[in-house]
Amino acid sequence: MTRELGDVIPAPGEVRPDPAAGFTIETGVTISAAPGTEAVAEHLAAALRPATGFDLPIGPGPDAGAGAVPARTPGGIHLELDETLGDEAYRMVVDPGGIVLTGGDPAGLFYAVQTLRQVLPAEIHADGPRETVWTVPGGLIADRPRFGYRGAMLDVARHFFSVAEVESYLDALVQFKINHLHLHLTDDQGWRLEIESRPELTVVSGGAGTGVDGAGPGFYTQDEYAGLVAYAAARFVTIVPEFDMPGHVNAAQVAYPELTADGVAPGPRTDLEVGYSSLVAGKEETYAFVEDVLREVAALTPGPYLHIGGDEAQATTPEDYRAFIGRVLPLVAKYGKRPVGWHELAGADLPGDAILQYWGIDAADDTTAGAAARGHQVIMSPADRSYLDMRYAADTRPGLDWAGVTDVEKAYGWDPAGRLPGVGEDNLLGVEAPLWSETLRSLADAQTMTFPRLPAIAEIGWSPRVTHDWESFRRRLAAFGPRWREQGIAYHPAPEIPWQ
Ligand code: ACM
């Protein structure tokens, strides 16, 4: 099926189609990469070579002299940078002379590549050669993100996902210009990252049977985790590691009983209950433990953020909660990181750079608005709109329904700057779509909950508000059926989408 230039998710800011001016990628087409674009050119070639079967050699361009910006190859695909476009912005120009992709920075250029993939026929995602005419519709797209933080979250604590699974998940996300992957690494059930100074965490709580219902096992060694962080960075994704505290810590207490009030280890837990475990605000052992964890994680984290959880601390008194957070936040700063916490963190005294992640359902939540008024940035992930683990409908599985059921139209039909009174555009760092894994047992389960709702949240995070249009979105979304089938990505065949 012929694509139109604007058939892209997230919707681009500006689209000027020129139907007379398409370009067909054929054998012999080359890629020319201006200085600084070589790595993205490799991503482009890797995306186009398998299905086209073309060589698509990457060169510096015909006129590359020392320090010179190479001229575009006639009849080719040219990549270049122009920092005046701005962070993560890009331009794509397609005419019979070829394709020029210009990034405001390498991330922007990477997003131009994602857009180009989407305007090629769906067969471009095949892993072997296809007999298809690879025509790109003519015209111009000029695009930039609404928010700098466009996140997804994967809970690897309730159900462990291997490095290969997380990489595969991430490859699917970046096609929608997601740039942060928040990993929920610890919870009552399991502890999923090796901490060298606290080896029992993963020996005891990362082993067999530590997922919900005894599924599992798994944890990441520090080397594996560093590899995952690098894999993400090569795709312009920042990993945001979360260590949930002071609640959601049963797995840590099983491994280190000194973290309980009476020093007695609790039993391991693989059920769905929340709100029963707490670190002890009044014990020094608590802070020695937290510092060991934060120090090692900060050393593994090139990105700016450490997420400290802070949600559902029903087993911690408000006084202890404030005392605990008051001791922990300076540790985050000590290791050079910026703290993120779920919105309950607003109940503590916070340094100015602390970020709150709003996950509520009740729009009358005014602790988040109060924190925003004091200058704290907010990440919007309201559970009734952006939680990918909510069921699509009463009769769909897997998933939970405590925040209601969320079909695609509901996931799409909200605005982050209009969600909480007192939390407007300027207060927002961005949006995130969390996927909790209590009911998930495979990567296919995770994909089914993520697609097609993640593209809705990605569009809300990236696209200008004025492009927001359900009829347009559902028509553009329909074209992803064949794309996901080619890629082997499971998706929910939502009945409100006229799938191709
Ligand atoms: C949460 O859903 N407890 C952040």
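Below: a short report on this structure.

Thresholds applied
- Residues numbered from 1 in each chain as written.
- Predicted model: local features only at pLDDT ≥ 70, side-chain atom pairs only at ≥ 80, totals over all residues.
- Heavy atoms only, no water.
- Helix = DSSP H or I, 4+ residues; strand = E, 2+ residues; numbered from the N terminus.
- Buried < 20%, exposed > 50% of the residue type's maximum accessible area, 1.4 Å probe, protein only.
- Contact = heavy atoms within 4.5 Å.
- Areas by Shrake-Rupley, 256 points an atom, 1.4 Å probe, with all protein chains shown as cover.
- Lys, Arg positive; Asp, Glu negative; His and termini not counted.
- Charge placed at Lys NZ, Arg CZ, Asp CG, Glu CD.
- Pairing = 2+ DSSP bridges.
- Expected span 1.5 Å × (residues − 1).
- Axes fitted to C-alpha atoms, helices over the stretch in contact; angles between N-to-C directions.
- Arc of directions from axis to C-beta.
- Polar contact = N/O pair within 3.5 Å; in protein donor to acceptor, adjacent residues only side chain to side chain.
- Phe/Tyr/Trp six-rings, centres within 6.5 Å; stacked < 30°, edge-to-face > 60°.
- Core = buried A, V, L, I, M, F, W, Y, C linked by side-chain atoms within 4.5 Å.
- Salt bridge = Lys/Arg side-chain N within 4 Å of Asp/Glu carboxyl O.
- Parallel < 35°, antiparallel > 145°, perpendicular 65-115°, else oblique.
- Left-handed = near helix turned anticlockwise from the far one by under 90°.

### Here's the deal with the overall build of the protein chain
Right, so step 1: A tally of regular secondary structure across the protein chain gives 15 helices and 17 strands.
Right, so step 2: By principal-axis analysis of the C-alpha atoms, the protein chain measures approximately 75 × 50 × 45 Å.
Right, so step 3: Looking at the 500 residues of the protein chain, the share that counts as buried comes to 60%.
Right, so step 4: When contacts within the protein chain are restricted to residue pairs at least 6 apart in sequence, long-range pairs at least 24 apart make up 72% of them.
Right, so step 5: In the structure as shown, the protein chain presents an accessible area of about 17800 Å², 53% of it carried by carbon and sulfur atoms.
Right, so step 6: Both charge centroids of the protein chain, one from 37 positive and one from 70 negative side chains, sit 3 Å from each other.

### Comments concerning the sheet that holds strand S7 (residues 98-103)
Right, so step 1: The strand order across the open sheet formed by seven strands is S1-S9-S6-S7-S5-S3-S4, and the pairing between neighbours is mixed. This sheet does not close on itself; its edge strands, each paired only once, are strand S1 (14-17) and strand S4 (58-59).

### Side note on helix H7 (residues 284-299)
Right, so step 1: For H7, which comprises 16 residues, the first-to-last C-alpha distance of 23 Å matches the rise-based estimate of 22 Å (1.5 Å per residue) to within 8%.
Right, so step 2: All buried positions along H7 are accounted for by Thr286, Tyr287, Phe289, Val290, Glu291, Asp292, Val293, Leu294, Glu296, Val297 and Ala298.
Right, so step 3: Looking at the packing, one finds that the buried side of H7 touches helix H4 (200-205), helix H5 (222-233), strand S12 (238-245), helix H6 (250-255), strand S13 (305-309) and helix H8 (318-334).

### With respect to the environment of Phe243
Right, so step 1: Turning to its location among the elements, Phe243 is positioned in strand S12.
Right, so step 2: On the accessibility criterion, Phe243 (2% relative accessible area) is buried.
Right, so step 3: Taking C-alpha positions, Phe243 is 9.0 Å from Leu183, a pair spaced 60 residues apart along the chain.
Right, so step 4: In contact with Phe243, other than residues within four places in its own chain, are Leu185, Thr186, Trp191, Leu193, Val293, Val297, His307, Ile308 and Gly309.

### Quick look at the sheet that holds strand S11 (residues 180-184)
Right, so step 1: Reading around the barrel, the eight strands line up as S10-S11-S12-S13-S14-S15-S16-S17 and close back on themselves, with parallel pairing between neighbours. Mean inter-strand twist for the sheet, computed between neighbouring axes without regard to direction, equals 30 degrees.
Right, so step 2: Both S13 and strand S14 (residues 338-342) contribute to a ladder of three bridges, which runs parallel. Looking across to S14, one finds that Leu306 is bridged to Pro339.

### A closer look at H8
Right, so step 1: Over its 17 residues, H8 extends 25 Å from the first C-alpha to the last, a length consistent with the 24 Å expected when each residue adds 1.5 Å.
Right, so step 2: Residues of H8 that are buried include every one of Tyr321, Phe324, Ile325, Val328, Leu329, Leu331 and Val332, and no others. Seen along its axis, H8 keeps its buried residues to an arc of 155 degrees; they face one direction. Opposite the buried face of H8, at more than 90 degrees from it, the exposed residues are Glu319, Ala333 and Lys334.
Right, so step 3: Gly336 sits one or two positions beyond H8 and adopts a positive phi of about 80 degrees.

### Digging into the side chain of His343
Right, so step 1: Within the secondary structure layout, His343 lies in the loop between S14 and strand S15 (355-358).
Right, so step 2: Judged by relative accessible area, His343 falls into the buried class, the value being 9%.
Right, so step 3: Within the structure, the side chain of His343 is placed 3.1 Å from the backbone nitrogen of Trp359, a separation counted as a polar contact.

### Some words on the packing of aromatic side chains
Right, so step 1: Evaluated as defined, the whole model comprises 25 aromatic pairs.
Right, so step 2: When the centroid spacing of 5.4 Å and the interplanar angle of 75 degrees are considered together, the rings of Tyr111 and Trp462 count as edge-to-face. Note that Tyr111 is positioned in helix H2 (residues 106-119) and Trp462 in helix H13 (residues 453-462), a separation of 351 residues in sequence.
Right, so step 3: On the basis of relative accessibility, which here comes to 1%, the residue Tyr111 falls in the buried class.
Right, so step 4: With relative accessibility at 0%, the residue Trp462 sits in the buried group.
Right, so step 5: Relative to Trp436, the ring of Tyr387 lies with its centre 6.1 Å away and its plane at 50 degrees, an arrangement referred to as tilted. Here Tyr387 is found in the loop between helix H10 (383-386) and helix H11 (408-412), whereas its partner Trp436 is found in the loop between strand S17 (428-435) and helix H12 (443-450), with 49 residues between them in sequence.
Right, so step 6: Looking at Trp436, the relative accessible area reads 7%, which means it is buried.
Right, so step 7: Every member of this aromatic cluster is reached through a ring pair, and the members are Phe176, Phe451, Phe480, Trp484, Tyr491 and Trp499.

### Focus: the environment of Pro382
Right, so step 1: Of note, Pro382 is situated in the loop between strand S16 (378-380) and H10.
Right, so step 2: You can call Pro382 buried: its relative accessible area is 0%.
Right, so step 3: As for Pro382 and Glu14, which are separated by 368 residues in sequence, their C-alpha atoms are 29 Å apart.

### Looking at the nonpolar core
Nonpolar side chains in soluble globular proteins tend to be buried together.
Right, so step 1: One finds Ile25, Ile99, Leu101, Leu183, Met245 and Leu454 to be the most contacted residues of the largest nonpolar core, which totals 139 residues.
Right, so step 2: The element contributing the most residues to this core is H2, with eight residues.
Right, so step 3: Contact partners of Leu454, with chain neighbours within four places excluded, come to Ala152, Leu173, Phe176, Ile178, Leu388 and Ala433.
Right, so step 4: Of all hydrophobic cores here, the second largest spans nine residues; its members include Met153, Trp342, Ala383 and Ala403.

### Let's talk about the pattern of salt bridges
Right, so step 1: Taken as a whole and judged by the stated rule, the model has 23 salt bridges.
Right, so step 2: Across the salt bridge formed by Arg441 and Asp213, the nearest N and O atoms sit 3.0 Å from each other. Separated by 228 residues along the polypeptide, Arg441 in the loop between S17 and H12 and Asp213 in the loop between H4 and H5 bring together distant segments of the chain.
Right, so step 3: Residue classification places Arg441 among the partly exposed positions, given a relative accessible area of 33%.
Right, so step 4: Take Asp213: its relative accessible area is 63%, and that puts it in the exposed class.
Right, so step 5: One salt-bridge network, in which partners are shared between bridges, spans Arg146, Asp415, Glu425 and Arg465.

### Focus: the packing of H13 against helix H14 (residues 470-478)
Right, so step 1: Relative to each other, H13 and H14 sit at 130 degrees, their axes nearing to 11 Å. With respect to each other, H13 and H14 are oriented oblique. Seen along the crossing, H13 lies across H14 with a hand that is right-handed. Contacts between H13 and H14 involve Pro455, Ala456 and Glu459 on the former and, on the latter, Phe473, Arg476 and Leu477.

Everything listed here is a matter of coordinates, which is why it stays silent on function.
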